[in-house]
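Spelled out, the chains give:
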Amino acid sequence: MNRDDFPILNINKDLIYLDNGATTLKPKVLLESTNDYYSKYTANAHRGDYDNSLIVDTKYEHARELVRDLIGAKDSREIIFTSGCTDSLNKIIFGYFRHYLKEGDEVLLTKSEHASNILPWFELADEIKCQIKYIPLTSDLKVTIDNVKHSITPKTKVISIAHVTNVAGDIRPIKEITKLAHEHDILVVVDGAQSVPHMPVDVTDLDIDFLAFSAHKMCGPTGVGVLYGKEKFLNNMRPIIFGGGMNASFDHLGYREYVDLPHLFEAGTPNIAGVIAFGEVIKYLKRIGMDKIHKYELELKKYAISKLKQVPNIIIYSENNESGIITFNIKDIFAQDLAIYLNKYKICVRAGNHCAKMLKDELKIKNTCRISLYFYNTKEEIDYLVEVLSNPKISTEII
Ligand SMILES: Cc1ncc(COP(=O)(O)O)c(C=O)c1O
């Protein structure tokens, strides 16, 4: 779908980009909007009293409203622009949970989380002596509500999990998890890096307390992310970055007064061009339809699995998930070597441990190749991938 909207696909006719979990390709609307900001109305945000600065402020705040609408938040004050999902998670963990958790409180994670949803918790645990626990995964690497139930203790205060994981590609039952968690006064942080770009996500319907995601994984610019939090929690969250744009006044004695949500958490000059362009990208994605994107990806994934199964010696680890992520290996071929081999045919896939370094304990395998689909991928691309992977001389070409 919509391949003509992506200049890179016109310039590189033979490029097969299957690494959308890492970052996606960029549509014309993003390039045009970015160009407009730099060539037609450059100004800083929330600082000037002249025409261009007013245009910037209006567009910047409109982008916030578009994000609010996309994820079904109640108020645009609940939308904080950050530099990415990692930044959002760090702000949530060190801005809110550093003050909310006490020594001995338990944080529930899983072993298939991305580094961004593990390492800040480790750091916090060192600092305040909270305990990190893991929800056990099923043999096919899924989180079940029963496993969550059995992991909860009276000390559990927060569950922090990905909505869709970046290696197994499984979708977690977030609505059931938040319901169960809230019955026990447990807060739920959702890493939406791999879900918000691919399916409708409604924070109000799912009753999510905090959500983090990145613009660049959904046709947007790099260096822009979103932190959503329910207003009642954001009102108790503290900034971890201080400076211009977030203060109302201060004096030489150290007195300071900070501004209100959402700007309290957006100190310094943000990625203005990026945020405004992200707004245009959201409009673009909504024109296509998040439902339609999800449906298309699932169809393509089903097709890809059926074809990939015909590849000699392939091992597929993520057949039964409802996302466009397919993780696999070819027997006796090192994943990174396979990715380099595919690159010879202009096929881009990701190889390695994909920043989910603990998952190897569950998978019993250190490295895998990952295909991650988006709406502009096609069956023809899958056919070509399967042809290249089925090359009888694959082992010798790799050596
Ligand atoms: C599940 C998940 N969470 C978090 C991140 C971090 O995103 P970013 O690098 O854009 O901050 C990623 C990136 O791959 C991811 O896949």
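One structure accompanies this document, and this report is about it.

Calculation criteria
- Residues numbered from 1 in each chain as written.
- Predicted model: local features only at pLDDT ≥ 70, side-chain atom pairs only at ≥ 80, totals over all residues.
- Heavy atoms only, no water.
- Helix = DSSP H or I, 4+ residues; strand = E, 2+ residues; numbered from the N terminus.
- Rg over C-alpha atoms; globule rule 2.2 N^0.38 Å.
- Buried < 20%, exposed > 50% of the residue type's maximum accessible area, 1.4 Å probe, protein only.
- Areas by Shrake-Rupley, 256 points an atom, 1.4 Å probe, with all protein chains shown as cover.
- Pairing = 2+ DSSP bridges.
- Near = heavy atom within 4 Å.
- Polar contact = N/O pair within 3.5 Å; in protein donor to acceptor, adjacent residues only side chain to side chain.
- Nonpolar A, V, L, I, M, F, W, Y, C, P; charged D, E, K, R; others polar.

### Observations concerning the overall build of the protein
Consideration 1: Counting its regular elements, the protein contains 15 helices and 15 strands.
Consideration 2: For a compact globule of 399 residues, the expected C-alpha radius of gyration is about 21 Å, and the protein comes in at 22 Å, within 12% of that figure.
Consideration 3: Counting every position in the protein, which comprises 399 residues, the buried fraction comes to 55%.
Consideration 4: Accessible surface computed for the protein: about 17300 Å², of which carbon and sulfur atoms make up 52%.

### Considering the pairing of strand β5 (residues 156-162)
Consideration 1: Across the seven residues that make up β5, a large majority, six, are buried.
Consideration 2: Two strands pair when backbone bridges link them, and strand β3 (residues 106-109) and β5 are joined in this way by three bridges, in the parallel orientation. From the neighbouring strand, E106 faces β5, where its bridge partner is T156.
Consideration 3: Where β5 meets strand β6 (residues 187-191), five bridges bridge the pair, whose relative direction is parallel. Paired with I161 across the strands is V190, a residue of β6.

### Points about the site of the ligand
Consideration 1: The full set of residues close to the ligand is G21, C85, T86, H114, S116, N166, D191, A193, Q194, S214, H216 and K217.
Consideration 2: Measuring from an oxygen atom of the ligand, one finds a side-chain N or O atom of T86 at 2.5 Å.
Consideration 3: Between the ligand and D191, the relevant distance is 2.5 Å, taken from a nitrogen atom to a side-chain nitrogen or oxygen of the residue.
Consideration 4: Across the complex, the protein chains shield 86% of the 390 Å² of accessible surface that the ligand would expose by itself.
Consideration 5: Here the residues of the shell around the ligand are counted per class, giving two nonpolar, eight polar and two charged.

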